[in-house]
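For reference, the chains in residue letters:
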Amino acid sequence: MAVQTYPKVPKDDVGGEVQDYIDAGAKMVTVTPNTDGTTCTVIVEE
Amino acid sequence: MANGQVLLAGSHNYPASSRSGGADAGAPKPVNLISTALPANSTNTSDAALQNYTNGWNTLSQIVQAAGATKDAAGNILPGGSLRLTAASARSVSMDESFTPPIVFGYLGFDCAIATNGELGAPIPTYAILGQMPVQGTIRIYANETSANLLRNWVHHPKAEDIPAGKTARDVTKERENLIAAWIKEQNGEYNFADLLNRSDLEPQREQFLKDKGTEYKITQ
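Throughout this document, residue positions are counted from 1 along each chain, in the order its sequence is written. The naming scheme follows written order: chains are lettered A onward, ligands numbered 1 onward. Totals for whole chains, interfaces and linings use all residues, but because this is a predicted model, local features are given only for residues with pLDDT of at least 70 and pairs of side-chain atoms are given and counted only at 80 or more.

Draft legend 1. Looking closely at the overall build of chain B. Runs of E in the DSSP output that reach at least two residues are strands. Runs of H or I that reach at least four are helices, and both are numbered from the N terminus. Each helix and strand in chain B was counted, giving six helices and five strands. Mapped from its N terminus to its C terminus, chain B presents α and β elements in the order β-α-β-β-β-α-β-α-α-α-α.

Draft legend 2. Broad picture of the interface of chain A and chain B. A residue pair is marked as a contact if its C-beta atoms, positioned from the backbone, fall within 7 Å. Every contact between the two is made by 15 residues of chain A and, on the other side, 19 residues of chain B. Within the residue set of the side of chain A that touches chain B, elements represented by two or more residues are β1 (3-10), α1 (11-23) and β3 (39-45) of chain A. For the side of chain A that touches chain B, the element with the highest residue contribution is β1 of chain A, accounting for seven residues. Any residue outside Ala, Val, Leu, Ile, Met, Phe, Trp, Tyr, Cys, Pro, Asp, Glu, Lys and Arg is labelled polar, Gly included; the first ten of those are nonpolar and the last four are charged. For the side of chain A that touches chain B, a count of residues per class yields seven nonpolar, four polar and four charged. Two strands are counted as paired when DSSP detects at least two bridges linking them. Taken together, the two bridges between β1 of chain A and strand β5 (residues 138-139) of chain B define a ladder with parallel strand orientation. Each bridged residue has a counterpart across the sheet, and for Q4 of chain A the counterpart in β5 of chain B is T138 of chain B.

Draft legend 3. Just the pairing of β1 of chain A, in detail. One ladder, built from six bridges, connects β1 of chain A with β3 of chain A; its direction is antiparallel. Across the sheet, residue Q4 of chain A finds its bridge partner in β3 of chain A, namely V44 of chain A.

Draft legend 4. Region of the structure containing the packing of helix α3 (residues 146-156) of chain B against helix α6 (residues 203-213) of chain B. Residue and element names in this part refer to chain B. Comment: axis = line fitted to C-alpha atoms, over the contacting stretch for helices; angle = value between 0 and 180 degrees taken between N-to-C directions. It is the contact of α3 with α6, at a shortest axis distance of 9 Å, that shows an interaxial angle of 55°. With respect to α6, the axis of α3 lies oblique. As α3 runs across α6, the sense of the crossing is left-handed. Counting all contacts with α3, which are made through S147, A148 and L151, the residues of α6 involved are E203, R206, E207 and L210. When its residues are assigned to classes, the contact of α3 with α6 shows three nonpolar, one polar and three charged. An angle counts as roughly parallel when it lies under 35 degrees, as roughly antiparallel when it exceeds 145, as roughly perpendicular when it falls between 65 and 115, and as oblique in every other case. Note: crossing handedness is left-handed where the near helix turns anticlockwise from the far helix by less than a right angle, and right-handed where it turns clockwise.

Draft legend 5. Structural detail: the pairing of strand β2 (residues 28-33) of chain A. Residue and element names in this part refer to chain A. We call a residue exposed when 12 or fewer other C-beta atoms sit within 10 Å of its C-beta, buried when the count reaches 20 or more, and partly exposed for counts in between; the C-beta positions come from the backbone. In terms of burial, β2 is a largely surface element, zero of the six residues being buried. Pairing of β2 with β3, which is carried by six bridges, proceeds in the antiparallel orientation. Note that in β3 the partner of M28 across the bridge is E45. Linking β2 back to β3 in an antiparallel pair, the connection comprises five residues, with G37 at a positive phi of about 80°.

Draft legend 6. Structural context of helix α4 (residues 169-186) of chain B. All names here are of chain B. Between its terminal C-alpha atoms α4 stretches 26 Å, which fits the 26 Å expected from 18 residues at 1.5 Å a residue. When α4 is considered as a whole, its buried residues turn out to be T173, E177 and I180. Seen along its axis, α4 keeps its buried residues to an arc of 65°; they face one direction. In α4, the exposed residues that point more than 90 degrees away from the buried face are N178, A182, K185 and E186. Once α4 ends, the next one or two residues include N188, with phi positive near 55°. A helix is expected to span 1.5 Å for every residue after the first. To obtain the arc, one takes the directions from the helix axis to the C-beta atoms.

Draft legend 7. Fine view of unusual backbone geometry. Residues and elements named next belong to chain B. The backbone of N188 sits at a positive phi, close to 55°, despite the residue not being glycine. As for its position among the elements, N188 is in the loop between α4 and α5 (193-198). In this structure N188 comes out as exposed when scored by C-beta crowding, with 6 C-beta atoms within 10 Å. A positive phi angle, close to 55°, is found at K218, a residue other than glycine.

Draft legend 8. Spotlight on the sheet that holds β5 of chain B. Spatially, the four strands line up as an open sheet ordered β2(A)-β3(A)-β1(A)-β5(B), and their pairing is mixed. Strands at the two margins of the open sheet, each flanked by one partner only, are β2 of chain A together with β5 of chain B. Lying over the sheet, α1 of chain A contacts β1, β2 and β3 of chain A, oriented at roughly 10° with respect to β3 of chain A.

Draft legend 9. Spatial organisation of the nonpolar core. Among the nonpolar cores identified, the biggest contains 20 residues, and V9 and V42 of chain A together with L151, F193, A194, L196 and L197 of chain B are the most heavily contacted of them. Breaking this core down by element, the ones donating at least two residues are β1 and β3 of chain A together with α3 and α5 of chain B. Not counting chain neighbours up to four residues away, the residues in contact with L197 of chain B comprise D20 of chain A together with A148, L151, R152 and V155 of chain B. When buried Ala, Val, Leu, Ile, Met, Phe, Trp, Tyr and Cys residues are joined through C-beta atoms within 7 Å, the set is termed a nonpolar core.

Draft legend 10. Looking closely at α3 of chain B. Residue and element names in this part refer to chain B. Along α3, the residues that are buried comprise S147, A148, L151, W154 and V155. Buried residues in α3, looked at end-on, bunch into an arc of 135°, giving them a common side. Buried-residue contacts for α3 involve α4, α5 and α6.

See below:
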């Protein structure tokens, strides 16, 4: 199982990225807001 | 390492059973041995038990008093804290110690990997690293190049004139994802269309895709 972590994804772009990976067949996509208030950490498990 | 949580204790209870042990911190304190006397015969068992308990209790109290005898000019016990007996029997003793201010006995922290350009990785618990637990995953930098924004906008936000009658924007998005996937397959790329849209390290491949297909697919701002 391959895992990729994007530590800093702008909040405005998170929705698109999650959609991309779900469409690409990702098993699970986890989004966690960062403490900076403007970015999220996105973890993709394929 | 970034610190997440400091663990403090205001007091601690020390239960101990029929074992022995000792420790010195700073100036050693006198430790008296607790000795018991066996009853002389079957008629004075209770008297012997009472006497042993009294002797043991007094001995333990003397130890505690001696341990706290070192005081500063203000009469405070050095180096800090208080100690008192809470229970004792022939085979066990229990003590309770309070700390002012509370002592630190641990912390919960996390580590962040530092990637290229100083980007910080995801927080990983320090105990996972110290315990050499396997940490899965590859740290990726989110693509913010012009080509990435252009391609994502083309995929995610198709123009109204590009949406055929009877289809939705979502349908067009999926078609465009498939177009990118087909190109990656032609290139024998070991990544998927989501990677091409989002991974910073695939900038050369994005540029190549736009060069190959940009005009054909009318990929514009």
